[in-house]
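# Per-entry structural report
So you can see what is in the structure, the chains are spelled out below.
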Amino acid sequence: MARQGEVDKVMGGRRMKYNSAMNFEHLIQINDPANPLIESLTRDQIWQGLLHRVENPLPFLPGLASCTILERQAAGLLRELDFGAATIRDRVTLAAADWVRFDILPSAAHAGGSLTISIEEPQPDCLFLRFAYRTTLASNPNSEEQAYIEYVKSAYHQSDVDCVRLIRTLAATGDPQ
């Protein structure tokens, strides 16, 4: 039986315990004033792209069949995401032109977690997106679990690179596809 704060997961037919939470974050540079080959985006263009991800996440989340907005409030919304084999609910919180946070509500299908995407501007016109994950993966795993965690981190990073690509496409054409 799992202690409080532990989550059991089955991977490759083996049951593993994931204690507490693991934090993982990284930055993706959006604008580089020193590189004229990279099309610069404004904070508003980035924010509009993030809002598009909130309102219509299908292009941003491979495998997502549908998204239903269940509830709207001034600072966010509650969504139901249908991935076919699993349906999850997340609560989205927004701070206009600054950050968006996706909190996956714990359920039988998912242990929960969160993603916060923040727009950062350490210097004028030098914009970054910070992707900060809080997951139920172990913070001090054994070597087998570590390989799985590195795979998950890599998948998160690639998904975030794709998110930025879609935001750029949306800014250029009005359509993320």
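Keep in mind that this is a model prediction, so the values were computed, not measured. (Residues numbered from 1 in each chain as written. Predicted model: local features only at pLDDT ≥ 70, side-chain atom pairs only at ≥ 80, totals over all residues. Heavy atoms only, no water.)

## Observations regarding the overall build of the chain
- Each helix and strand in the chain was counted, giving 2 helices and 9 strands.
- Listing every helix and strand of the chain by position from the N terminus yields β-β-β-α-β-β-β-β-β-β-α.
- Counting the 177 residues in the chain, one finds 35% classified as buried.
- Pairs at least 24 apart in sequence give 43% of the contacts found in the chain among residues at least 6 apart.
- Counting only carbon and sulfur atoms, one obtains 51% of the accessible surface of the chain, whose full area is about 10,000 Å². (Helix = DSSP H or I, 4+ residues; strand = E, 2+ residues; numbered from the N terminus. Buried < 20%, exposed > 50% of the residue type's maximum accessible area, 1.4 Å probe, protein only. Contact = heavy atoms within 4.5 Å. Areas by Shrake-Rupley, 256 points an atom, 1.4 Å probe, with all protein chains shown as cover.)

## Observations regarding the pairing of strand 5 (residues 76–82)
- Here strand 5 lies mainly inside the structure; 5 of its 7 residues are buried.
- Looking at chain direction, strand 5 and strand 6 (residues 87–95) are connected through 7 bridges and run antiparallel. Across the sheet, the residue bridging to Leu-81 is Ile-88, located in strand 6.
- Between strand 5 and strand 6, which follow one another and run antiparallel, lie 4 residues, and Gly-84 among them has a positive phi close to 85 degrees. (Pairing = 2+ DSSP bridges.)

## Quick look at the nonpolar core
- Residues Ile-46, Leu-50, Ile-117, Leu-129 and Phe-131 are the most contacted members of the largest nonpolar core, which totals 28 residues.
- Every element with two or more residues in this core is listed here: strand 3 (22–29), helix 1 (43–55), strand 7 (99–104), strand 8 (113–123), strand 9 (126–135) and helix 2 (143–173).
- Among the elements that take part in this core, helix 2 stands out by supplying 6 residues, more than any other. (Core = buried A, V, L, I, M, F, W, Y, C linked by side-chain atoms within 4.5 Å.)

## Side note on the pattern of salt bridges
- What the rule picks out here adds up to 9 salt bridges.
- A salt bridge links Arg-79 to Asp-90, with the nearest nitrogen and oxygen atoms 2.6 Å apart. On the criterion of sequence distance, the pair formed by Arg-79 in strand 5 and Asp-90 in strand 6 is long-range, its members being 11 residues apart.
- Classification of Arg-79 by relative accessible area gives buried; the value is 2%.
- You can call Asp-90 buried: its relative accessible area is 3%.
- A salt bridge links Asp-103 to Arg-101, with the shortest nitrogen-to-oxygen separation between them at 2.8 Å.
- Take Arg-101: its relative accessible area is 31%, and that puts it in the partly exposed class.
- Members of the salt-bridge network, linked through shared partners, are Glu-25, Glu-120 and Arg-130. (Salt bridge = Lys/Arg side-chain N within 4 Å of Asp/Glu carboxyl O.)

## Overview of the environment of Arg-101
- Its place among the elements puts Arg-101 in strand 7.
- Taking the C-alpha atoms as reference points, Arg-101 and Ser-118, 17 residues apart in sequence, are found 8.5 Å from one another.
- Among residues more than four places away in sequence, those in contact with Arg-101 are Arg-91, Val-92, Thr-93, Ser-114, Leu-115 and Thr-116.
- At 2.8 Å, the side chain of Arg-101 and the side chain of Asp-103 are in polar contact. (Polar contact = N/O pair within 3.5 Å; in protein donor to acceptor, adjacent residues only side chain to side chain.)

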